[in-house]
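Chain by chain, the residues:
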Amino acid sequence: MAVNRYKNHLVIYLEDQPYRGIVNGIKTLPNVNDTVINSRPPCGGWGKVFAELESNLRLLNARPEMHALLLMDFDNVFAKRRSKFDELLKEQDCKDRVFLLGVDDKESEDLKASMNQSNNEAVGKDLLRHCPDEQTDAWRNPHLHCNSNEIKRMQAAGMFVWLFA
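The shown structure was predicted, so the numbers you read here are calculated from the model rather than taken from an experiment. (Residues numbered from 1 in each chain as written. Predicted model: local features only at pLDDT ≥ 70, side-chain atom pairs only at ≥ 80, totals over all residues. Heavy atoms only, no water.)

A.B. asks: Outline the pattern of salt bridges, supporting the account with residue identities and numerical values.
C.D. replies: This structure, assessed with the given rule, holds 9 salt bridges. The closest approach of N and O atoms between Arg82 and Asp86, which form a salt bridge, is 3.1 Å. Note that Arg82 and Asp86 are positioned in helix 3 (residues 78-89) at a spacing of 4 residues, about one turn of the helix. Look at Arg82 and you get buried, because its relative accessible area is 18%. Residue classification places Asp86 among the partly exposed positions, given a relative accessible area of 37%. For Arg153, the salt bridge identified is with Glu150, shortest N-O distance 2.8 Å. Note that Arg153 and Glu150 are positioned in helix 6 (residues 148-156) at a spacing of 3 residues, about one turn of the helix. A relative accessible area of 24% places Arg153 in the partly exposed class. (Salt bridge = Lys/Arg side-chain N within 4 Å of Asp/Glu carboxyl O. Helix = DSSP H or I, 4+ residues; strand = E, 2+ residues; numbered from the N terminus. Buried < 20%, exposed > 50% of the residue type's maximum accessible area, 1.4 Å probe, protein only.)

This is the structure we're talking about:
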């Protein structure tokens, strides 16, 4: 089912297929309002995720109900990826509605292994099982520490009100 583009919704730009599995797991949770999530096909690399965002900035700026989330591997250079993200959004009206989350390791598959999960859907479920009321222990994973400020920013933007049932 397609999202209602005239109401608050989240467009997710994925680096690769493992992130698709994580999002699919998230969308199966009863506390997640999956009707407001538009998960795009994997882009095939973190650079292509940024390119996809850049090509959609005009639309994001024009539609205040549209929010975006970029999911990518930070390849142990989180600060570098964050700097690129901030530079892309510096002059954009939508900058308070665009977010960047990911795994600070070479591959998102490393997260699956460190969480002792057999598949990426299980990883997604573990991460958001108790949201928005509390964060699971899974967020304490060293590969995810870099996301804490961005999650707070998402919460402050009011996303959790309509993203979670």
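A.B. asks: Give me the layout of surface pockets: which residues, what numbers.
C.D. replies: Looking at the largest pocket, its volume works out to about 500 Å³. Considering the residues around the largest pocket, the lining is formed by 32 residues, among which Ile26, Leu101, Leu128, Trp139 and Ile151 are closest to the centre. Elements represented by at least two residues in the lining of the largest pocket include exactly strand 1 (9-14), helix 1 (17-27), strand 3 (66-73), strand 4 (98-103), helix 5 (120-128), helix 6 and helix 7 (159-163). A total of 5 residues in the lining of the largest pocket trace back to one element, the largest contributor, which is helix 6. Class assignment for the residues of the lining of the largest pocket results in 24 nonpolar, 5 polar and 3 charged. For the second largest pocket, the calculated volume is near 160 Å³. (1 Å grid on protein atoms, 1.4 Å probe; cavity = no way out; pocket = protein on both sides within 12 Å on 5 of 7 lines; lining within 4 Å. Points joined across faces, edges and corners; volume = space filled by probe spheres on them. Nonpolar A, V, L, I, M, F, W, Y, C, P; charged D, E, K, R; others polar.)

A.B. asks: So, the nonpolar core: which residues are in play, and what are the values?
C.D. replies: If you look at the biggest cluster of nonpolar residues, it comprises 32 residues, and the most contacted ones within it are Ile12, Leu71, Leu127, Leu128, Met159 and Leu163. Where this core is concerned, the elements lending two or more residues are strand 1, helix 1, strand 3, strand 4, helix 5, helix 6 and helix 7. Aside from chain neighbours lying at most four places away, what touches Leu71 is Ile12, Tyr13, Leu14, Glu15, Tyr19, Val23, Val49 and Leu101. Judged by nonpolar contacts, the second largest core, of 20 residues, contains Leu60, Ala68, Leu70 and Phe74. (Core = buried A, V, L, I, M, F, W, Y, C linked by side-chain atoms within 4.5 Å. Contact = heavy atoms within 4.5 Å.)

A.B. asks: Could you give me a rundown of the packing of helix 1 against helix 5, with the residues and numbers involved?
C.D. replies: Where helix 1 contacts helix 5, the axes come no closer than 6 Å and their chain directions differ by 50°. Taken together, the axis directions place helix 1 and helix 5 in an arrangement best described as oblique. Taken as a pair, helix 1 and helix 5 cross one another with a handedness that is right-handed. Across the interface between the two elements, Pro18, Gly21, Ile22, Asn24, Gly25 and Ile26 from helix 1 touch Asn120, Glu121, Val123, Gly124, Lys125 and Leu128 from helix 5. When grouped by side-chain class, the residues that make up the contact of helix 1 with helix 5 number 5 nonpolar, 5 polar and 2 charged. (Axes fitted to C-alpha atoms, helices over the stretch in contact; angles between N-to-C directions. Parallel < 35°, antiparallel > 145°, perpendicular 65-115°, else oblique. Left-handed = near helix turned anticlockwise from the far one by under 90°.)

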